[in-house]
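# Summary of structural features
Spelled out from the first residue to the last, the chains are:
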Amino acid sequence: MFKHEKKLLHEVKVDRPNPNYAAMLQEQLGGPQGELKAAMQYLSQSMRIKDPEIKDLFLDVAAEELCHMEMVATAVNLLNGHDLDAAHAAVGNVEAHVLTGLTPMLANASGYLWTAAYVNETGDLAADILSDIAAEQRAKVVYQYLYRQIDDKGVRDTIDFLLNREEAHNTMFREAFNRIQDTGSQKNWGTMVDSRIYFDLSYPGGQSFDPAKKQPPSFNI
């Protein structure tokens, strides 16, 4: 069960309208590393999880991603302002002026619509968590790119909050991964000869990695 509270998770302000940047920020609304993708991925993955604590983690983070989506949409609204002006709109933002009346679209910065193909779920908890760790890392990188390209203090404050929350989620997923050693696809890790061979195919060579370790990888947090 989900409930909507009108107060945003974090206050969103902008110093001034900036329609071009609104189009850029759409990337985190409907792009492959965006908030909708994250929410749907974690929600979908949670449906098969049997560990109650990890299931709660996935559902809690999914719910927060929906909160982030609301924040991004609010920022896009403020940046778009109130005047329809398709003639001067950025390429990815034309439809907002001719179709949605400036309502934020479930699309990326280039105007391509969101698709469920962005969502990864395998039914294997280790594989899904690793995918989620990577997703949070990529989302942080996109927010960093966005942060560097705006001098609007209000927008920067919003992005700073969001990218730090991506770090928090990343840390939580890493902790969850450390809890599931020797389960699912982690079972019998490194027990076969072929899983412990390093093919040194670089010349001149020099083996820098040791696949002979029998323990599955873990994360220090």
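See above for the structure.
Notes on the structure follow. Given the structure is predicted, the values throughout are model-derived calculations rather than measurements. Sequence positions are assigned chain by chain, starting from 1 and proceeding in written order. Confidence filtering applies because this is a predicted model: local features only for residues at pLDDT of at least 70, side-chain atom pairs given and counted only at 80 or more, and all residues used for totals across whole chains, interfaces and linings. The side-chain numbers reported here are obtained from all heavy atoms of the structure, hydrogens and water having been left aside.

By definition, any uninterrupted DSSP run of H or I lasting at least four residues is a helix, any uninterrupted run of E lasting at least two residues is a strand, and each is numbered from the N terminus. On a plain count of helices and strands, the chain comes out with seven helices and zero strands. Each helix and strand of the chain, ordered N terminal to C terminal, gives the series α-α-α-α-α-α-α. On the principal axes, the C-alpha backbone points of the chain span a range of 65 × 50 × 30 Å. Out of the 221 residues in the chain, the part that is buried amounts to 39%. Restricting to contacts in the chain with at least 6 residues of sequence separation, those with at least 24 account for 73%. As presented, the chain carries roughly 13,000 Å² of accessible surface, and 54% of it is formed by carbon and sulfur atoms. Side chains of the chain give 21 positive and 31 negative charges; the mean places of these two sets differ by 4 Å. Classification of residues uses two cut-offs on accessible area relative to the type maximum, computed with a 1.4 Å probe and protein chains only: under 20% is buried, over 50% is exposed, and between them is partly exposed. In this analysis, two residues are considered to be in contact whenever any of their non-hydrogen atoms come within 4.5 Å of each other. Throughout, the Shrake-Rupley method with a 1.4 Å probe supplies accessible areas, and for residues the shown protein chains are the sole cover considered. Under the counting rule used here, the positive set is Lys and Arg, the negative set is Asp and Glu, and His together with the chain ends is not counted. Here the site of a charge means NZ on Lys, CZ on Arg, CG on Asp, or CD on Glu.

A separate point is helix H4 (residues 52-80). For a helix, the expected span equals 1.5 Å multiplied by the residue count minus one. Counted at 1.5 Å a residue, the expected span for H4 with its 29 residues is 42 Å, and the 42 Å between its end C-alpha atoms agrees. By the criterion applied in these results, polar contacts are pairs of N or O atoms within 3.5 Å in which, for protein atoms, one can donate a hydrogen and the other can accept it, and in which residues neighboring in sequence qualify only through two side-chain atoms. The N-cap of H4, judged by a side-chain oxygen 3.0 Å from the amide nitrogen of Glu53 a few residues on, is Asp51. Directly after H4, the chain includes Gly81, whose backbone phi takes a positive value near 70 degrees.

For the rest of this paragraph, the subject is the layout of surface pockets. Cavities and pockets were defined on a 1 Å grid built from protein atoms only: a cavity is a group of points that admits a 1.4 Å probe but offers it no way out, a pocket is an open group of points flanked by protein on both sides within 12 Å along at least five of seven lines, and a lining residue is one with an atom within 4 Å of any such point. Grid points are joined across faces, edges and corners, and a volume is the space filled by probe spheres set on the points. Considering only enclosed or pocket space, the largest pocket measures out at about 310 Å³ in volume. Roughly 170 Å³ of internal volume is contained in the second largest pocket. Lining the second largest pocket, in full, are Gln45, Arg48, Ile49, Lys50, Asp51, Gly123, Asp124, Leu125 and Asp128. Residue classes in the lining of the second largest pocket are distributed as two nonpolar, two polar and five charged. Residues are grouped as follows: Ala, Val, Leu, Ile, Met, Phe, Trp, Tyr, Cys and Pro are nonpolar; Asp, Glu, Lys and Arg are charged; all remaining types, including Gly, are polar.

Moving on to unusual backbone geometry. Here Tyr203 and Pro204 are connected by a cis peptide whose omega angle stands at -5 degrees. Phi is positive for Asp182, close to 65 degrees, though the residue is something other than glycine. Assignment of secondary structure puts Asp182 in the segment after helix H7 (153-179). Of note in this structure, Asn188 is not a glycine but carries a positive phi near 55 degrees. Along the chain, Asn188 turns up in the segment after H7.

Moving on: the packing of helix H6 (residues 125-148) against H7. Look at H6 against H7: their axes get within 9 Å of each other, and the N-to-C directions meet at 160 degrees. As summarised for this structure, H6 and H7 are arranged roughly antiparallel, according to the angle between their axes. Note on packing geometry: the crossing formed by H6 with H7 is left-handed. In terms of residue class, the contact of H6 with H7 is built from 14 nonpolar, four polar and nine charged. Interaxial angle, 0 to 180 degrees, is taken between N-to-C directions of lines fitted to C-alpha atoms, where a helix line uses only the stretch in contact. Just so you know how the angles are binned, under 35 degrees is roughly parallel, over 145 roughly antiparallel, 65 to 115 roughly perpendicular, and the rest oblique. The crossing is said to be left-handed when, going from far helix to near helix, the turn is anticlockwise and less than a right angle, and right-handed when the turn is clockwise.

Now for the packing of helix H3 (residues 35-46) against H4. Packing of H3 against H4 brings their axes to within 8 Å, and their N-to-C directions diverge by 160 degrees. Taken together, H3 and H4 sit at an angle that is classed as roughly antiparallel. Here H3 runs over H4; the crossing is left-handed. Taken together, the residues of H4 that come into contact with H3 (itself represented by Glu35, Leu36, Ala38, Ala39, Met40, Tyr42, Leu43, Gln45 and Ser46) are Lys55, Phe58, Leu59, Val61, Ala62, Glu65, Leu66, His68, Met69 and Val72. Looking at the contact of H3 with H4, its residues break down into 13 nonpolar, three polar and three charged.

When the charged atoms of two side chains lie near each other, side chains of opposite charge can form a pair. By definition, a salt bridge exists where a carboxyl oxygen of Asp or Glu is found within 4 Å of a side-chain nitrogen of Lys or Arg. For the structure shown, the criterion picks out five salt bridges. Residue Glu167 pairs with Lys140 through a salt bridge whose shortest N-O separation is 2.4 Å. In this pair, Glu167 is assigned in helix H7 and Lys140 in helix H6, connecting sequence segments 27 residues apart. Here Glu167 falls in the partly exposed class, since its relative accessible area comes to 33%. Its relative accessible area of 17% is what places Lys140 among the buried residues.

Locating His169 in the fold gives a position in helix H7. A polar atom in the side chain of His169 sits 3.1 Å from the side chain of Glu65. Sequence-distant contacts of His169, defined by excluding residues within four places in its chain, comprise Val61, Glu64, Glu65, His68 and Glu136.

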